[in-house]
Every structure is written in C-alpha cells, then in structure tokens.
Amino acid sequence: MKTAIISTLVLVLFIPLSAHANLLVNPSFESTGGWSTSSSGHWDMVASGDSGISTPYGDYMMKYSTTSNTLYTGFSQGMDASPNATYSISGYYNIPTELWHGYHTYAYIYYMAEGGTSPIKIESVGSFSDPTDGWMHFSASSTAPEEAVRAVLTVAVGVSGGYPDPLGEQVLYWDNLYFARDEVIPEASSITLLSIGIAGLVMFSRMKRS
Ligand SMILES: [Ca+2]
C-alpha cells in the first residue's frame, strides 16, 4: 500500500505535462489545414519533385516563389501558449543555389497576451541567407514571456545585402516544422512536497507497527 502511494506520487510529479507533442497542425504540409499566408500566390504547398527537389518528409512541402521582388510575405500558424513555458522549434529549409537571387528566409515567434492585438514579444528563431544545395535542419528554443497566452510561428522572406537581382525566379522551400513545449521538470517545491509526503508515510507506517 505504502509503495503504491509513493509510486503514484512519483508518477504524478514526474510525468511531463506535454512530452514533446508537436503543437502544429499540418506541420509537414501534407494537407491543406493549419497555415495561413500573408500574401497569396507566393507561398504554395507543392508536391515532391518540384524544381527537382524531393521533400525530407512526406509527399508535399511549402514553396516560396516570386519573379516580381515581392518580399516580406510569410506563412504562419498560431497556438495556445503558457507563460514562462519553454518551447522547442525546428524544421527544414532548402534554398536552391541555381534559383537564389539574394533573398533570405527567417522564422520567428510572436507572443500575444490575453485579448492583445499586438505582440508582447517577437523572437527570431532562425535567419538563413545562403543557398543551401539541399535541405538544412534548424532548431531553436524560445521561452514565452509572462502573460503570454498565444504563440504564432511565422516563416517569411526578406532581402539580405541590397535589393535582389530582379532577373529570374527566386524559389525556396520549407518542410517538417515542429513546435513543442519542453518537458516540464519538477520544481523544487514539488520535490520538497514529495519528500515531506514520503517522510510522513514512513512515520505513519512506523507508528502503526509500534
Ligand atoms: Ca512534407
């Protein structure tokens, strides 16, 4: 009985609240849901094999393309966030060398407060300005500020070092994005409570025996 109670206490205190579950809907662009784009016609979900590029996962990927120097467009997805929680973000991007015209692509997170219309924190989690000759993996960590209740992951395109070459089509790809809350490590107060609980149980069983 005592062992069962202690085991339950240990389980309750040490089970992470969220064990690396991806909070994104449609993270690999295999369906049409989850994402919104700020400027239609520049971001599209395309099938593997587009411009000779195969996806790192699944059959589809997100493609940016322009022939008209249209910049600062992005795609994004929002989700609930918890104040002070730490999140892991990762994904894959691909900037084909032969189609590169000086653009860079970047990922950032907006944190919003309850009822807020403007972000209380904007954090860059990745900025990539070189052609890649293949898929590159990136990963980052971000902690939600106090009062954050919502996070919006945004991927966008801009210019690095002067205005881009207007000739030709700029193309780049993203796939397999990941946004998950890190495992919750028991706080010192929880460990103290657990210790007091165990001590109490030990004393209780000794009293019963005597
Ligand atoms: Ca995919």
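Quick note: structure is the one above.
Calculation rules
- Residues numbered from 1 in each chain as written.
- Predicted model: local features only at pLDDT ≥ 70, side-chain atom pairs only at ≥ 80, totals over all residues.
- Helix = DSSP H or I, 4+ residues; strand = E, 2+ residues; numbered from the N terminus.
- Buried ≥ 20, exposed ≤ 12 C-beta atoms within 10 Å, placed from the backbone.
- Contact = placed C-beta atoms within 7 Å.
- Pairing = 2+ DSSP bridges.
- Axes fitted to C-alpha atoms, helices over the stretch in contact; angles between N-to-C directions.
- Core = buried A, V, L, I, M, F, W, Y, C linked by C-beta atoms within 7 Å.

Caption draft 1: Structural view of the overall build of the chain. On a plain count of helices and strands, the chain comes out with two helices and 10 strands. Shown N-terminal to C-terminal, the secondary structure of the chain runs as helices and strands in the order α-β-β-β-β-β-β-β-β-β-β-α. Relative to its full complement of 210 residues, the chain shows a buried share of 24%. Intrachain contacts of the chain at a sequence separation of at least 6 include 80% that bridge at least 24 residues.

Caption draft 2: Geometry of the sheet that holds strand β5 (residues 86-94). The five strands are arranged β2-β3-β10-β5-β8 in an open sheet whose pairing can be described as antiparallel. One side of each edge strand has no neighbouring strand; the edge strands of this open sheet are β2 (43-47) and β8 (136-143). The mean inter-strand angle of the sheet, taken between neighbouring strand axes irrespective of direction, is 35°.

Caption draft 3: Spotlight on the nonpolar core. Among the nonpolar cores identified, the biggest contains 37 residues, and Met62, Tyr111, Ala151, Tyr173 and Trp174 are the most heavily contacted of them. Of all the elements in the fold, those that place two or more residues in this core are β3 (60-66), β5, β6 (103-113), β9 (148-159) and β10 (170-181). Tyr173 has contacts with Ile53, Met61, Met62, Lys63, Tyr93 and Asn94, leaving out every residue within four places of it along the chain.

Caption draft 4: A look at the environment of Ser82. Of note, Ser82 is situated in the loop between β4 (74-80) and β5. On the basis of neighbour counts, which here come to 15 C-beta atoms within 10 Å, the residue Ser82 falls in the partly exposed class. Separated by 99 residues in sequence, Ser82 and Arg181 place their C-alpha atoms 9.1 Å apart.

Caption draft 5: How the structure looks around the environment of Val46. Among the secondary structure elements, Val46 is positioned in strand β2. For the pair formed by Val46 and Met62, sequence separation is 16 residues and the distance between their alpha carbons is 6.2 Å.

The values are spatial; any link to function lies outside them.
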